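Structural characterization, general
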Amino acid sequence: MALSTHFKAALLLLGLLMTGLTQVPILASAPRGFWALPENLTVVEGAVAELRCGVRAPGSAVQWAKDGLLLGPDPRIPSFPRYRLEGDPAKGEFHLHIEACDLSDDAEYECQVGRSETGPELVSPRVILSILVPPKVLQLTPEAGTTVTWVAGQEYTVSCVSGDAKPAPDITFLLSGQTISGISANVNEGSQQKLFTTEATARVTPQSSDNGQLLVCEGSSPALDTPIKASFTMNVLFPGPPVIEWPGLDEGQVRAGQSLELLCTARGGNPLATLQWLKNGQPVSTAWGTEHAQAVARSLLVMIVRPEDHGARLSCEAYNSVSSGIQERGVTLQVTFPPSAITILGSASQSENKNVTLSCITKSSRPRVLLRWWLGWRQLQPSEETVMDGLHGGHISMSNLTFLARREDNGLTLTCEAFSEAFTKETFKKSLTLNVKYPAQKLWIEGPPEGQRLRAGNRVRLVCLAIGGNPDPSLTWYKDSRTVTEPRPPQEPRRVQLGSVEKSGSIFSRELVLITGPSDNQAKFTCKAGQLSASTQLVVQFPPTNVTILANASTLRPGDALNLTCVSVSSNPPVNLSWDKEGERLEGVAAQPRRAPFKGSAAARSVLLRLSSRDHGHRVTCSAHSTELRETVSAFYRLNVLYPPEFLGEQVLVVTAVEQGEALLPVSVSANPAPEAFNWTFRGYRLSPAGGPRHRILSGGALQLWNVTRADDGLYQLHCQNSEGTAEALVRLDVHYAPTIRALQDPTEVNVGDSVDIVCTVDANPILPEMFNWERLGEEGEDQNLDDMEKMSKGSTGRLRIHHAKLTQAGAYQCIVDNGVAPPAQGLVRLVVRFAPHVEHPAPLTKVAAAGDSTSSATLHCRARGVPNIVFTWTKNGVPLDLQDPRYTEHTYHQGGVHSSLLTIANVSAAQDYALFTCIATNPLGSDHTNIQLVSISRPDPPLGLKAVSMTPYSVGLEWKPGFDGGLPQRFQIRYEALETPGFLYMDVLPPQATTFTLTGLQPSTRYRVWLLASNALGDSGLADKASQISITTPGLDQPSREPDYQLPTEQPAGISEKTETGSEEDRVRNEYEESQWTGDQDTRSSTVSTTDVEPYYHSMRDFSPQLPPTMEEVSYPLGLRALEEENMAFPGHLYDEVERVYAPSRAWGPLYDEVQMDSCDFRWPGDRYEDARGIYDQVAGDLDPVEPDAIPFELRGHLV
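This report concerns the structure included in the present document. (Residues numbered from 1 in each chain as written. Predicted model: local features only at pLDDT ≥ 70, side-chain atom pairs only at ≥ 80, totals over all residues. Heavy atoms only, no water.)

**A closer look at the overall build of the chain**
Scanning the chain from N- to C-terminus turns up 5 helices and 92 strands. Counting only residues that meet the buried cut, the chain has 44% of its 1201 residues in that class. In the chain, the share of contacts with a sequence separation of at least 24, taken over all contacts with a separation of at least 6, comes to 68%. Counting every atom, the chain has about 61,300 Å² of accessible surface; 50% of that belongs to carbon and sulfur. (Helix = DSSP H or I, 4+ residues; strand = E, 2+ residues; numbered from the N terminus. Buried < 20%, exposed > 50% of the residue type's maximum accessible area, 1.4 Å probe, protein only. Contact = heavy atoms within 4.5 Å. Areas by Shrake-Rupley, 256 points an atom, 1.4 Å probe, with all protein chains shown as cover.)

Set out below in structure tokens:
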């Protein structure tokens, strides 16, 4: 800080030297001195301050000093941007003006006048500029702006700290608007010099009235116009007492049954009180509500008053979190209640002229009640009255009554009445009906006459009648001294229907309706009414009541003798007994009968049986027949013969199942008792009775299998056992499964003309005679007929026999086996028909052109068909070619039945290589050959087969086949003339290699002659060949466009022969001979050679460019094996076998031998010469100049042979 001050002083002195002292232009005659002196000044931080200084000192420099530091005479005071000198220097005004004062401006200042010629230096008295800094913030604890919860009556400490200020601020506390006294305050140094903070502490005891009020900390300072404040809200907790609001004037007075509603209110309190109702100290309601706006808590108690509530104390308790204890308000109930019931003890039924004694007793009541008796409308006097203490503070009243019962009082109402002044609006009564008893006068029975015979099941009606009596006569029926009642539940139909007593005037009757049965025979029916009675007797005829069969043995086995006795227990009249077994009549012996019930007759008869297992379950029936009643009653005895298991005739011995399906091996066995266990054994292993992953034994012993496999096929042994013995049976499971081809010889080979069997062996069940089927696979449209082949099968082997094999029969065959279990099996096999080589030589002589300059190369193509693989050899002019000569390179390719040999001749020499080369193809079945002439480059041959393929009035579509190009690139030009118009017209064919072209610019209905010229760098083909010219006539405008109706015939070139039908057939042979495995549709390239319009096989050298052979994995066919595609051949598996190396030729077999690429040293026709070559056709062929030798590049010149 000191270093900075010295540095500023040095700068000021330097400024004085540079700018010079401020000159005060005051008259020299004026006396030196201050006419205005600065005074002490106090300002608030941020305000403007100005210290005045007025001097009379002409020619003197005036400046201010701050705490001894000279500020300099420059009015701008550069070192203090907020300082400047104000006033008019000419008038001696040098006031110090300070903008936006801050604490750094708080210092001592003096105004100094420098020494001059007119006098010494002058210094004003030092004045103080005091900067007042107001406090910016008050920090209140608890935190300002919050709500602080306090408990009324407890003491709390509050502190408030001011921010930096000058001077230290004064702090006061306000509680609910009232100043708090006894504040302790401390002044501390602030964060900077000259700044102070004040910390004040107050102790506060809140009251309930302070709830919701503010406690404010207020800071005041001379630097503030208004004090700054910080405050928080007080939430003062205090309790509030409860008040019970009683409905009505008499507190505690209630009546039983009344709905009592009491409201408990607690006003004030913070928080608002929690209320609950108690009855005799036990909580009965804990529900309450609050209204914060009115500071009220309310709880409503609703209860139905009961007598037992008498003397109960109901209290309401109020409590909150700051209550020192529970505040309570209560009331005691005084309950008024009537007697809940009145009881009359004693019987109101009595015989006439006898005393009736009764007692009337009330339940407890408050207050007590009085009792009185009424008989009808006549009041009776009690014999005694008593009052006793009752429940719930009440009283019990009792009254005794005795009076004489008279017949005329019968049916009157006898009433006991309770009354009291407390219950004037209510009456409490208990009533009885007086019943005076007296007997009936007469009794008799109406029904069928005695001795009449009744049939069992008939309906009989008996009526009992009586006169007079009270109570009404009960009229009770008895049968042989036993009371008659209706059976419950009622029988259908009910055998006894007992009516109720009916009254008609003074006559009472009761009906008894019977469905007669054996027990009613000679039974005595009696009706009684008190001491009176009347009787009648019935005679009933009935069939046997029960037919019972008795056996002499309970356990029966085959061979035992069984004696059965049939007993008819009772019948009226007697019956005859007979035996039968399952419809077969048995002879019996009469037995001694027993005594019969119901006063009827009994009978018995026996029969003897010899038993077998077949008798088990049969019924032996005994029939009891009554001739008089024409009824028969039967009973049967079911024979229970114990015998070991026996398999029935319907037991299944063979079960058929499908593999992966389910199988159920059923059990048809008879045994008594039922078999205890069924044990299944398969191939010596016992199947678990608890079941397994693929089997379970059903409750009837049947074996259920699932996910059946062919391994489950075989005999299953069943072992059944019961307590009488065992039995065994064998059940065969025949598992049917889909066929699987086990053996299929692929490929199957045969020499052409021989016979062969394609054998297909399968694994299947069942084996069916007609399950083998054969199909021939091929392209759509091919002959797939198998009529000339013989289909045979024996067991699991099927054969397709081919007699006198032909090439057309070669190809893929499919063996399909279907035995009815899905899916059918399918297998592919290839039939390879082996045949001798056949070289493709559509012309007797094939030409290949090459320059004989010992720098060019030529490639000769030879292709042949044959199976098995063909071996190629070459001769030149009949002499075997030495392939060890480095100038000769041969590559051989095998693709199915098609084989190719490419002979490459390097550095062709006219003297050595212009010769006749012969390609010989040989296999074990024979050989064939073809000749290829290597010639020099020359003019092209004329095009072949020029014809019009379409025609309009203004154009004609032309098509042709190119001839030999002479070994150089050739192009085509059309020359044509209208026969009626002299002169020729020419049209170049674009693109140059096209073989179709549409000639336009023609006129309708006009005859034209058209020539086609082929040309290369050595010349054109000439116009003499008739195969390269036609005549046409364009149609008229009124004629539709059409095919040409006239065309000059084209001649077949000499020495060119068409392929015969046999050759064409061989071209379509799908004969595949390979060592590799069938791989499906790996390659289906095919080729077809037309049997018509066959052109000579001329080969150009201009595009031949052999490429490095690809590996087996990289075989590609840029041209798609066009020749093979035309043959419709399919080659599954590996497509070829190469002799020297294993690779496929690039661009293998395009249009047969038409073009072959040359190697990288090929010299192609220059592009500019190619573009300009069309100028050749501007001249007629006969007008062409001879070609100079120098006009042909050296590499294309050849030696004429």
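Following the structure, the description resumes.
**Here we look at the sheet that holds strand E86 (residues 955–961)**
Sheet architecture is open: 3 strands sit in the order E85-E86-E89, paired in antiparallel fashion. A single partner strand is all that each edge strand has here, and the edge strands are strand E85 (944–952) and strand E89 (996–1000). Within the sheet, the average angular offset between the axes of one strand and its neighbour, ignoring direction, is 25°. In this sheet, E86 lies alongside E85 in antiparallel orientation, the contact comprising 6 bridges. Each bridged residue has a counterpart across the sheet, and for Lys 947 the counterpart in E86 is Glu 959. (Pairing = 2+ DSSP bridges. Axes fitted to C-alpha atoms, helices over the stretch in contact; angles between N-to-C directions.)

**Some remarks on the packing of aromatic side chains**
Counted by the stated rule, this structure contains 9 aromatic pairs. Three or more aromatic residues joined by ring pairs make a cluster, and in this case those are Trp 150, Tyr 156 and Phe 232. Above the face of the Tyr 737 ring, Arg 710 is positioned so that its terminal group lies 3.7 Å from the ring centre. (Phe/Tyr/Trp six-rings, centres within 6.5 Å; stacked < 30°, edge-to-face > 60°. Lys NZ or Arg CZ within 6 Å of the ring centre and 35° of its normal.)

**Description of the pattern of salt bridges**
Two side chains that carry opposite charge are able to pair once their charged atoms sit near each other. Summed over all chains, the structure comprises 43 salt bridges. Put simply, Lys 194 and Asp 106 hold a salt bridge, and the shortest N to O gap is 3.2 Å. Of this pair, Lys 194 sits in the loop between strand E17 (184–189) and strand E18 (196–204) while Asp 106 sits in the loop between strand E8 (95–98) and strand E9 (107–113); the two residues are 88 residues apart in sequence, bridging distant segments of the chain. By relative accessible area, which is 36% here, Lys 194 ends up partly exposed. (Salt bridge = Lys/Arg side-chain N within 4 Å of Asp/Glu carboxyl O.)

**Overview of the side chain of Glu 110**
Tracing the backbone shows Glu 110 in strand E9. In this structure the side chain of Glu 110 is engaged in a polar contact, spanning 2.7 Å, whose partner is the side chain of Gln 112. There is a polar contact of 3.4 Å between the side chain of Glu 110 and the side chain of Arg 126. Ignoring anything within four residues of it in the chain, the contact list for Glu 110 reads Gln 63, Trp 64, Ala 65, Val 123, Ser 124, Pro 125 and Arg 126. (Polar contact = N/O pair within 3.5 Å; in protein donor to acceptor, adjacent residues only side chain to side chain.)

**Some points on the state of the cysteines**
For the structure shown, the criterion picks out 8 disulfides. Each disulfide pairs two cysteine sulfurs, and for Cys 360 the partner residue is Cys 416, the sulfurs being separated by 1.9 Å. Sign of the S-S torsion, about -90° for the bond between Cys 360 and Cys 416, identifies this disulfide as left-handed. On the criterion of sequence distance, the pair formed by Cys 360 in strand E33 (residues 355–362) and Cys 416 in strand E38 (residues 413–419) is long-range, its members being 56 residues apart. Cys 416 shares its class with Cys 360; the two are buried. At a sulfur-sulfur separation of 1.9 Å, the disulfide partner of Cys 566 is Cys 622. (Disulfide = S-S within 2.5 Å.)

**A word on the pairing of strand E44 (residues 476–479)**
Bridging between E44 and strand E49 (residues 524–529) involves 4 bridges; their strand directions are antiparallel. The residue bridging Trp 477 from the neighbouring strand is Cys 527, located in E49. Bridging between E44 and strand E45 (residues 482–483) involves 2 bridges; their strand directions are antiparallel. Each bridged residue has a counterpart across the sheet, and for Lys 479 the counterpart in E45 is Arg 482. In this antiparallel pair of consecutive strands, E44 and E45, the connection spans 2 residues, and Asp 480 shows a positive phi of 50°.

Structural measurements only, silent on function.
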